[in-house]
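If you want the building blocks of each chain, they are given just below.
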Amino acid sequence: MAAAPVKQRTGGSRAQLPPCYYEGYLEKRGPKEKVSRRLWTCLCGNSLYFFNNTKDTHYVEKLDLSGFVSLADDCSRDRNLEAARLSLRLKDGETKLTAPNLEARELWKGFLYAVVELSVPSSLTLLPGQLHMLKEVVEREKHRRKTRSLSRAPSSPLSLPLVGEIPPCFRPVSRVEAEVLLERYPDCGNMLLRPGRDGTSLAVTTRQDLNGSVFRHYRVTQKHQGGYVIDVENPIPCETLYDVINALVEKTSGTLQPFLLEEPYEENITFVSSNDENGERTLHCVRGGTPLRGPALPPKQGTDKWSPRHQALSQSPSPRSFSPTETPLSPMKRLTLSPSPLAQSFTEELKMKLEKRQKVNQE
């Protein structure tokens, strides 16, 4: 049989590998190898990566477990009486693995079955804490594969122009990506608007919990004469996309709520500095302090109107909420409605000078 896919010293570094679920020393002998080698072995994703030692950053071999066939104990005796052997059979060949002891072999079998079958094996002799670890590995591996498939999935471009304001729960994602978003952030809402698969319509994806996640998808089409329709058994006409979302909220008595994901922001300023002597780079965090102030400007003539009372009167009105069709007053309109105090002072000063000149000319 041909050897399993092998990568030599040029393999990627540990930082580029999938998440590591379990690691330890194993003796490995491939189909074409006559002698076993003791290698530091890491189960990353659904592959085994082999390193010469624990400090090595690049793997020397890799076994892809996607071609998994079977895993069985090898009862043949080893020179080390405490060692326990395993036979890992893949589509590309059979690899012999030797663990330091029976307990280590049982753990390796548990982790291998967890990533291959995506379930916790019930036939192994493991402690409750070890079974809990395997359960976490199954969930992490499921999430990793789902995320990986999403990154490879083609996007769903929207070819039709949207009419009116777009609700904030609109996300340019596919059907599967919408399900992942709603399941990952349940506190942010359970209904989002997205492009349809055909690129000429929209869709609403909802998620509810009934002994697990229950997803529903509703088509929203745009009418030629304007407006939208929710394509259900009894079609629901809506003038705008906001009305589409509001209609679903009202029809479900508020059970469905728009998905509003607030992106996180940093709480402190961070920067990286480099040491000129050893080249070491360090991350620093600035935790606030006295605000920086520019140099104070000298007072100008005619600025007596900038009093606290005048400033209080000239402050902008308090913010208010706007509906989709309303817009706040533009800055240009505010300037024309309320001339600045500085401009008024210049106008009065010019007027006084003109009056003085007229008196001089009359005399």
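Calculation notes
Residues numbered from 1 in each chain as written. Predicted model: local features only at pLDDT ≥ 70, side-chain atom pairs only at ≥ 80, totals over all residues. Heavy atoms only, no water. Helix = DSSP H or I, 4+ residues; strand = E, 2+ residues; numbered from the N terminus. Buried < 20%, exposed > 50% of the residue type's maximum accessible area, 1.4 Å probe, protein only. Contact = heavy atoms within 4.5 Å. Salt bridge = Lys/Arg side-chain N within 4 Å of Asp/Glu carboxyl O. Core = buried A, V, L, I, M, F, W, Y, C linked by side-chain atoms within 4.5 Å. Polar contact = N/O pair within 3.5 Å; in protein donor to acceptor, adjacent residues only side chain to side chain. Pairing = 2+ DSSP bridges. Axes fitted to C-alpha atoms, helices over the stretch in contact; angles between N-to-C directions. Phe/Tyr/Trp six-rings, centres within 6.5 Å; stacked < 30°, edge-to-face > 60°.

Q: What's the story with the overall build of the protein in this structure? I'm lost.
A: Counting its regular elements, the protein contains seven helices and 14 strands. Counting over 363 residues, the protein shows a buried share of 32%. Across the protein, every contact between residues at least 6 apart in sequence was considered, and the portion connecting residues at least 24 apart equals 45%.

Q: Please clarify how the pattern of salt bridges should be interpreted in this entry.
A: Two side chains bearing opposite charge may form a pair once their charged atoms approach each other closely. Scanning the entire structure with this criterion turns up 13 salt bridges. Between glutamate 33 and arginine 37 there is a salt bridge; the shortest N-O distance is 3.7 Å. Assessed through its relative accessible area of 23%, glutamate 33 is described here as partly exposed. The network of salt bridges with shared partners includes Lys28, Glu33, Arg37 and Glu61.

Q: Even after reading the chapter, I still don't get the nonpolar core, so can you show me in this structure?
A: As a rule of thumb, nonpolar side chains are buried together in soluble globular proteins. In terms of nonpolar packing, the biggest core is built from 30 residues, with Leu43, Leu48, Leu65, Leu71, Leu88, Trp108 and Phe111 touching the most fellow members. Looking at this core, the elements with two or more residues in it are strand E1 (20–29), strand E2 (37–44), strand E3 (47–51), strand E5 (68–74), strand E6 (84–90), strand E7 (93–99), helix H1 (102–117) and helix H2 (128–152). Here the element with the most residues in this core is H1; it accounts for eight residues. Contact partners of leucine 43, with chain neighbours within four places excluded, come to Pro19, Cys20, Tyr21, Tyr22, Leu48, Leu65, Trp108, Phe111, Leu112 and Val115.

Q: I would appreciate a short explanation of the side chain of lysine 28 in the present structure.
A: The topology assignment puts lysine 28 in strand E1. A distance of 3.4 Å separates a polar atom in the side chain of lysine 28 from a polar atom in the side chain of glutamate 33. Dropping the residues within four chain positions of it, lysine 28 is found in contact with Glu33, Val35, Ser36, Arg37, Leu39, Phe50, Glu61, Leu63, Thr95, Lys96 and Leu97.

Q: Could you clarify how one ought to interpret the sheet that holds strand E11 (residues 228–230) in this entry?
A: Within a sheet, each strand pairs with its neighbour through backbone hydrogen bonds, oriented either parallel or antiparallel. The strand order across the open sheet built from five strands is E8-E9-E10-E11-E12, with neighbouring strands paired in antiparallel fashion. The outermost strands of the open sheet, each flanked by one partner alone, are strand E8 (191–195) and strand E12 (236–238). The sheet shows a mean angle of 25° between the axes of neighbouring strands, taken without regard to direction.

Q: I would appreciate a short explanation of the side chain of serine 87 in the present structure.
A: Position of serine 87 among the secondary structure elements: in strand E6. Here serine 87 is in contact with Ser70, Leu71, Ala72, Glu94, Thr95 and Lys96, once residues within four sequence places are set aside.

Q: Any chance you could explain the packing of aromatic side chains here in plain terms?
A: Summed over all chains, the structure comprises six aromatic pairs. Geometrically, the ring pair formed by tyrosine 22 and tryptophan 108 is edge-to-face, given 4.8 Å between the ring centres and 75° between the ring planes. Of this pair, tyrosine 22 sits in strand E1 while tryptophan 108 sits in helix H1, placing them 86 residues apart in sequence. Residues tyrosine 22 and tryptophan 108 agree in their burial class; the two are buried.

Q: What exactly am I supposed to notice about unusual backbone geometry here?
A: Trans peptide bonds make up most of the peptide bonds, and negative phi angles are found at most residues other than glycine. With a phi close to 55°, leucine 118 is a non-glycine residue in the positive phi region. Summarising the element assignment, leucine 118 is placed in the loop between H1 and H2. At serine 253, a residue that is not glycine, the phi angle is positive and equals roughly 55°. With respect to the helices and strands, the residue serine 253 is situated in the loop between helix H4 (241–251) and strand E13 (269–274). Residue class for serine 253 comes out exposed when judged on its relative accessible area of 70%.

Q: What exactly am I supposed to notice about the environment of proline 235 here?
A: On the secondary structure map, proline 235 appears in the loop between E11 and E12. The spacing of proline 235 and valine 220 is 15 residues in sequence and 9.8 Å in space, taken between C-alpha atoms. Those residues within four positions of proline 235 in sequence are excluded, and the remaining contacts are Val229 and Ile230.

Q: Help me understand the environment of arginine 219 in this model?
A: Relative to the elements of secondary structure, arginine 219 occurs in strand E10 (residues 213–222). What makes arginine 219 partly exposed here is its relative accessible area of 43%. In the structure, arginine 219 is positioned 14 residues away from threonine 205 in sequence and 9.0 Å away in space, judged by C-alpha atoms. The contacts of arginine 219, once residues within four sequence positions are left out, are Asp198, Ser201, Leu202, Ala203, Val229, Ile230 and Asp231. A polar side-chain atom of arginine 219 sits 3.3 Å from a polar atom in the side chain of serine 201.

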